[in-house]
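# Notes for the structure review
Residues per chain are reported as follows:
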Amino acid sequence: MRGSIQKSGFKTMLFKQAKIESLSLAITEQDVKGRSLWADARKRFFHNKAAVAGLVVLIMVAMFAFIGSQIAQFSNDEIDFMVIGQVAELGGPSIASGHYFGTDDLGRDLFARVVQGTQISLMVGVVGAAIAVIAGTLYGATAGYVGGRVDNFMMRIVDILMAVPYMFVIILLLVIFGRSISMLFVGIGLLSWLEMSRIVRGQTLSIKNKEFIEAAQATGVPSFKIILQHIVPNLTGIVAVYATLLVPLMILTESFISFLGLGVQEPDTSWGALIFEGAGTMQYGTLWQLAFPLFFFVITLFAFFFVGDGLRDALDPKDR
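Computed from a prediction, not measured in an experiment: that's the story for all the values here. The written sequence of each chain sets the order in which its residues are numbered from 1. A pLDDT threshold of at least 70 governs which residues receive local features in this predicted model, and a stricter bar of 80 or more applies before side-chain atom pairs are shown or counted, although totals over entire chains, interfaces and linings include all residues. The side-chain figures draw on all heavy atoms in the structure; neither hydrogens nor water molecules are used.

### Observations concerning the overall build of the chain
Segments assigned H or I by DSSP are reported as helices when at least four residues long, segments assigned E as strands when at least two residues long, and all are numbered from the N terminus. If you tally the helices and strands in the chain, you get 14 helices and zero strands. Listing every helix and strand of the chain by position from the N terminus yields α-α-α-α-α-α-α-α-α-α-α-α-α-α. Throughout, exposure labels follow a simple rule: accessible area from a 1.4 Å probe, protein chains only, divided by the maximum for the residue type, with under 20% read as buried, over 50% as exposed, and the rest as partly exposed. For the chain, the residues scored as buried account for 40% of the 320 residues in total. Here a residue-residue contact requires only that any non-hydrogen atoms of the pair lie within 4.5 Å. Considering only intrachain contacts with a sequence separation of at least 6, the fraction spanning at least 24 residues in the chain is 73%. The protein chains shown are the only cover counted for residues, whose accessible areas, like all others here, come from Shrake-Rupley with a 1.4 Å probe. For the chain, the accessible surface area stands at approximately 17,800 Å², while carbon and sulfur atoms represent 68% of it.

Pasting the structure below:
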């Protein structure tokens with residue numbers, strides 16, 4: 001009798017011990033999983049209300065750019081002859097007329113033109129930022145990793161190019177080679193990567209003497225593979241943050257050039273060109289020509305800044 005009781009008590013103790021060990025193992029696995037950089041960064045990013053709101057706004061603006069042309073009742077260059085000469089009275093925003101954002105001073109549907117302007121401005125921002133990120137990351141990582149005279153020579157080139165006025169180069173290229181979107185990309189991409197290269201070089205100098213880099217060197221891995229497979233992936237955080245801040249800078253640059261009349265040319269348009277046109281017709285009471293493109297321009301810039309700040313806070317190792 002006593003032996004059976006001891007056996008049952010022993011089994012109960014083993015069961016409790018096994019349960020405690022399984023619980024501790026589960027907790028340990030959760031703790032280890034919670035220490036993942038990207039999982040932790042994602043959690044902190046989505047706890048940032050301003051960053052999440054900015055992300056939602058960017059998604060909505062992108063959806064507007066992609067599907068807006070299917071909703072529009074008119075094309076971007078179609079003229080409504082019924083409102084010409086009476087834009088202030090008949091060209092206002094109206095769902096019944098199909099001009100959801102009204103018309104411009106030439107009778108063209110403003111909704112369709114804002115859709116096209118959103119597409120072009122976002123394309124300029126994203127492509128320009130991509131050029132800057134790719135060229136700047138590879139250039140800066142190479143200079144920082146190789147070091148020595150090569151580093152000094154490469155960074156002196158960057159210093160010389162940064163001394164050249166950025167906007168002056170873009171305007172000069174557009175005036176000499178013609179006003180087109182492709183030339184705008186060339187002008188923006190020509191100098192926009194310089195600041196990125198300096199940031200990446202500084203980060204590369206701080207990690208190139210780490211143990212995993214020395215292990216790769218000891219095993220005979222070529223330098224270009226070390227740069228691409230070991231250094232660049234460890235710069236993803238800072239590159240992602242800077243990229244989100246570069247996109248609004250590219251949009252601002254394009255908008256300023258288009259505002260000067262040197263950017264996107266008719267019949268194409270962009271936010272800067274639409275704002276320029278709207279500012280010129282304010283005196284006639286057609287405020288919607290300025291309000292709608294300016295609204296999309298402002299909310300997109302703020303959204304990118306909020307997302308960039310959220311990424312910076314989420315990827316900061318000091319906050320982990």
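That covers the picture; the talk isn't over yet.
### A word on a nonpolar patch on the surface
A surface patch of nonpolar side chains, about 510 Å² in accessible area, is lined by Ile59, Met63, Phe66, Ile67 and Ile71. With respect to the secondary-structure elements, phenylalanine 66 resides in helix H3 (residues 49-71). With relative accessibility at 66%, the residue phenylalanine 66 sits in the exposed group. Only residues whose relative accessible area exceeds 30% and that take part in no salt bridge are eligible for patches, with like-charged residues grouped when within 9 Å of each other and nonpolar side chains (Val, Leu, Ile, Met, Phe, Trp, Tyr) grouped when within 5 Å. Just to be clear on terms, a salt bridge is a Lys or Arg side-chain nitrogen sitting within 4 Å of an Asp or Glu carboxyl oxygen.

### Structural notes on the confidence of the model for the chain
Where the model shows low pLDDT, its predicted coordinates should not be examined in detail. On average, residues of the chain carry a pLDDT of 80, and 87% of them reach 70 or more. pLDDT is a residue-level measure of predictor confidence that goes from 0 to 100. Mean pLDDT values over the elements of the chain span from 48, in helix H1 (residues 2-34), up to 92, in H3. Predicted confidence is poor over residues 25-34, with pLDDT under 50, and the contacts of this stretch with residues over four places away or in other chains come to two contacts.

### What about the pattern of salt bridges?
When charged atoms on two side chains of opposite charge get close, those side chains can pair. Evaluated as defined, the whole model comprises eight salt bridges. A salt bridge links aspartate 151 to arginine 201, with the shortest nitrogen-to-oxygen separation between them at 2.7 Å. Taken as a pair, aspartate 151 in helix H6 (residues 148-162) and arginine 201 in helix H9 (residues 194-207) lie far apart in primary sequence, 50 residues in all. Among the charged side chains, a network of salt bridges with common partners joins Asp104, Arg108, Arg113 and Glu277.

### Quick look at the packing of helix H7 (residues 166-177) against helix H12 (residues 236-259)
Geometry is summarised by axes, namely lines fitted to C-alpha atoms with helices restricted to the contacting stretch, and by angles between N-to-C directions that run from 0 to 180 degrees. Relative to each other, H7 and H12 sit at 50°, their axes nearing to 12 Å. Taken together, the axes of H7 and H12 are oblique relative to one another. In terms of crossing hand, the pair formed by H7 and H12 is right-handed. Here H7 contributes Tyr166, Met167, Ile170 and Leu174 to the contact with H12, which in turn contributes Met250, Thr253, Phe256 and Ile257. Residue composition of the contact of H7 with H12, grouped by class: seven nonpolar, one polar and no charged. We call two directions roughly parallel when the angle between them is under 35 degrees, roughly antiparallel when it is over 145, roughly perpendicular when it lies between 65 and 115, and oblique otherwise. What makes a crossing left-handed is the near helix being turned counterclockwise from the far one by less than a right angle; a clockwise turn instead makes it right-handed. When residues are grouped by polarity, Ala, Val, Leu, Ile, Met, Phe, Trp, Tyr, Cys and Pro land in nonpolar, Asp, Glu, Lys and Arg in charged, and all others, Gly among them, in polar.

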